[in-house]
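# Descriptive structure summary
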Amino acid sequence: MSHVAEDPVFGNPQIEMLGTSVSALWNNLSVISSTSTCGSRSAENKMCFAVVSRCAVVVAEKRGISAGSLRDKDTLVNKVVFGKVEDPYFSTPFSILQTTWIQPTDAPVRLLVILTCGSVVVLDNDYKEIFTYRLPKGSDEHCDGNVSEVNAEKYFCGACLISDMLCLGTSNGGIVVCSCTFPPVDDERNTPIIVHRADLFGAHETAITCLVSETADSASQTMASADITGRIVIWDMEGVTPLLSTGGDLPMFVLSTMESACTSVVLCGGIVAVATASGLISMYHADTKEKLAEIAAHARCINALAVDATGTLMASVGDDSRVFVWRFPGGSTRDDAEPMAQWCRLVFSATVTDKLLTGVVFDPLEGHLAVTAYDSNELLVFPFKGL
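A short tour of the structure in this document, coming up. (Residues numbered from 1 in each chain as written. Predicted model: local features only at pLDDT ≥ 70, side-chain atom pairs only at ≥ 80, totals over all residues. Heavy atoms only, no water.)

### Some details on the overall build of the chain
Helix and strand content of the chain: three helices and 30 strands. The buried share of the chain, taken over its 387 residues, is 56%. Summarising the internal contacts of the chain: among those between residues at least 6 apart in sequence, 52% fall at separations of at least 24. With the model as given, the accessible surface of the chain reaches about 16400 Å², and the carbon-plus-sulfur share is 48%. (Helix = DSSP H or I, 4+ residues; strand = E, 2+ residues; numbered from the N terminus. Buried < 20%, exposed > 50% of the residue type's maximum accessible area, 1.4 Å probe, protein only. Contact = heavy atoms within 4.5 Å. Areas by Shrake-Rupley, 256 points an atom, 1.4 Å probe, with all protein chains shown as cover.)

Take a look at the structure:
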């Protein structure tokens, strides 16, 4: 007899101050957690949120996290880690399009990837710039090194790490692949070496909006990409590696083509969920291409999706001021005999009045739900109360 998991309980939202207003961008919130020690002191958990605020990237750090609530210890400490209005590589104050944390497996580093009009910048643990890659003006090709002018119509959007490959989506439909050499765990320098390796073309003809890797299995070589016309592509990056130097047909296939722009994608446990500008969420099996479900989730554009650490919950937020949490069939506890309607059902909803919601993440330590909104300096945290 199959068992349907109990629905989660989230409390009323608590407000943390980000110190700056958030831009109206898709997927405009990223989070990462880490554990650090200082001398003889015991290990301390730290949570770091990153958002784009106009022409800057702001990181909000919270130390001393313990069980129960993000508000248990220190308040958020905000710092601008990247971005200056007078930067000659920025043609407009809104040229930063996305920022996302990347955590390599078994490496003592975390990377903050910043995607802009014309360039991508990677920051290390201390928010020092360790890699920059720019698009030249008037050319469809990518280049390394300093370029005095960039084409503001070209941009990067979407980033993920597959093994030692940093993959970056571009507005011309190509995917830039960079090789990463990470320091060993006992190396105090903590500085990876990142080098541009190749560009992948042929899967997308229009601007890429999302690029994600498998979250449930760090050893997985599967990647999903989506674009502004609604095309979703699944990649076998293990098969891509030898082709970077020899050439040949790319090991990828088109999963589906949506009726509107893909705004956010998650890939967990072999399940791909795609959100669109029309408010739909579609779920597919990455291997078989089987369409598992289609949900008329939001009344307006969906701006972000997120899956929790267990792979059993998915959150969505959109222009309609609504926060939804759905059961997600990506966790190891999924019963394949269970009707998909049970796994994709709505388990929590909330309305954030008069707010255009732009980002959502699950706290990886405690499962709390954090949400950002356009032109607001508040981080709304819905505390996870358990099952």
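Now that the structure has been shown, we can carry on.
### A word on the packing of aromatic side chains
Applying the stated criterion across every chain yields a total of seven aromatic pairs. Ring plane angle 70 degrees and centroid distance 6.4 Å describe the contact between Y133 and F156, whose orientation is recorded as edge-to-face. Of this pair, Y133 sits in strand β10 (residues 129-134) while F156 sits in strand β11 (residues 156-162), and the two are 23 residues apart along the sequence. The exposure classification of Y133 matches that of F156, with both residues buried. (Phe/Tyr/Trp six-rings, centres within 6.5 Å; stacked < 30°, edge-to-face > 60°.)

### Some points on the sheet that holds strand β15 (residues 208-213)
With respect to topology, four strands assemble into an open sheet ordered β15-β16-β17-β18, the strand pairing being antiparallel. Of all the strands in the sheet, the pair left with one neighbour each is β15 and β18 (252-257). Across this sheet, the average inter-strand angle for adjacent strands is 20 degrees, counted without regard to direction. (Pairing = 2+ DSSP bridges. Axes fitted to C-alpha atoms, helices over the stretch in contact; angles between N-to-C directions.)

### Looking at unusual backbone geometry
Positive phi values are uncommon outside glycine, yet Y127 reaches one of about 60 degrees. Backbone geometry at D354 places phi at a positive 60 degrees, although glycine is not the residue there. One can find D354 in the loop between β26 (346-351) and β27 (357-362). The class of D354 is exposed, set by a relative accessible area of 75%.

### As for the pattern of salt bridges
Within this structure, the stated rule accounts for four salt bridges. Two residues, E61 and K79, come together in a salt bridge whose shortest N-O distance is 3.9 Å. Here E61 is found in strand β5 (residues 56-63), whereas its partner K79 is found in strand β6 (residues 77-82), with 18 residues between them in sequence. Accessibility expressed as a relative area gives 32% for K79, which makes it partly exposed. With its nearest N and O atoms 3.7 Å apart, the salt bridge here joins E61 to R110. With a gap of 49 residues between them, E61 in strand β5 and R110 in the loop between β7 (96-102) and β8 (111-116) connect regions that are remote in the sequence. (Salt bridge = Lys/Arg side-chain N within 4 Å of Asp/Glu carboxyl O.)

### Quick word on the environment of S316
Mapped onto the elements, S316 comes out in strand β24 (residues 313-318). Residues S316 and N303, spaced 13 residues apart in sequence, show a C-alpha to C-alpha distance of 7.7 Å. Polar contacts involving the side chain of S316 include one to the side chain of H298, which spans 2.8 Å. Here W326 takes part through its side chain, which lies 3.0 Å from a polar atom of the side chain of S316. (Polar contact = N/O pair within 3.5 Å; in protein donor to acceptor, adjacent residues only side chain to side chain.)

### Side note on the sheet that holds β27
The strand order across the open sheet built from four strands is β2-β29-β28-β27, with neighbouring strands paired in antiparallel fashion. Two strands in the sheet have a free side with no partner beyond their single neighbour: β2 (14-17) and β27. Going across the sheet, the axis of each strand differs from the next one's by a mean of 25 degrees, ignoring polarity. Relative to strand β29 (residues 378-382), β2 runs antiparallel, the two being bridged by four bridges. Across the sheet, the residue bridging to M17 is E378, located in β29.

### Observations regarding the nonpolar core
Here is a general trend for soluble globular proteins: nonpolar side chains tend to be buried in one another's company. Ranked by size, the top nonpolar core spans 20 residues in total, and within it V323, V325, L369 and F382 carry the most contacts. Apart from the residues within four sequence positions on either side, L369 is in contact with F10, A315, V323, V325, V360, V361, F362, L380, V381 and F382. Core analysis: the next-biggest nonpolar cluster, separate from the first, contains 19 residues, C268, A275, I302 and L305 among them. (Core = buried A, V, L, I, M, F, W, Y, C linked by side-chain atoms within 4.5 Å.)

### Points about the side chain of D363
Along the polypeptide, D363 turns up in the loop between β27 and β28 (369-373). Despite being buried, D363 has no salt bridge partner; K62 is the closest side chain of opposite charge, sitting 10 Å away. There is a polar contact of 2.7 Å between the side chain of D363 and the backbone nitrogen of L365. A distance of 3.2 Å separates a polar side-chain atom of D363 from the backbone nitrogen of E366. (Lys, Arg positive; Asp, Glu negative; His and termini not counted.)

### Observations regarding the state of the cysteines
Defined simply, a disulfide is a covalent bond joining two cysteines at their sulfur atoms. Applying the stated rule across the entire model yields zero disulfides. Cysteine C210 is unpaired, with the sulfur of C262 as its nearest cysteine sulfur at 6.6 Å. Residue C210 is classed as buried on the basis of its relative accessible area of 5%. (Disulfide = S-S within 2.5 Å.)

### What about the pairing of strand β16 (residues 222-227)?
Taking burial as the measure, the six residues of β16 include five buried ones, the bulk of the element. Where β15 and β16 come together, five bridges link them in antiparallel fashion. Residue pairing for β16: L211 is matched across the bridge by S225. With five bridges joining them, β16 and strand β17 (residues 231-236) adopt antiparallel strand pairing.

Any link to function would need more than the numbers given here.
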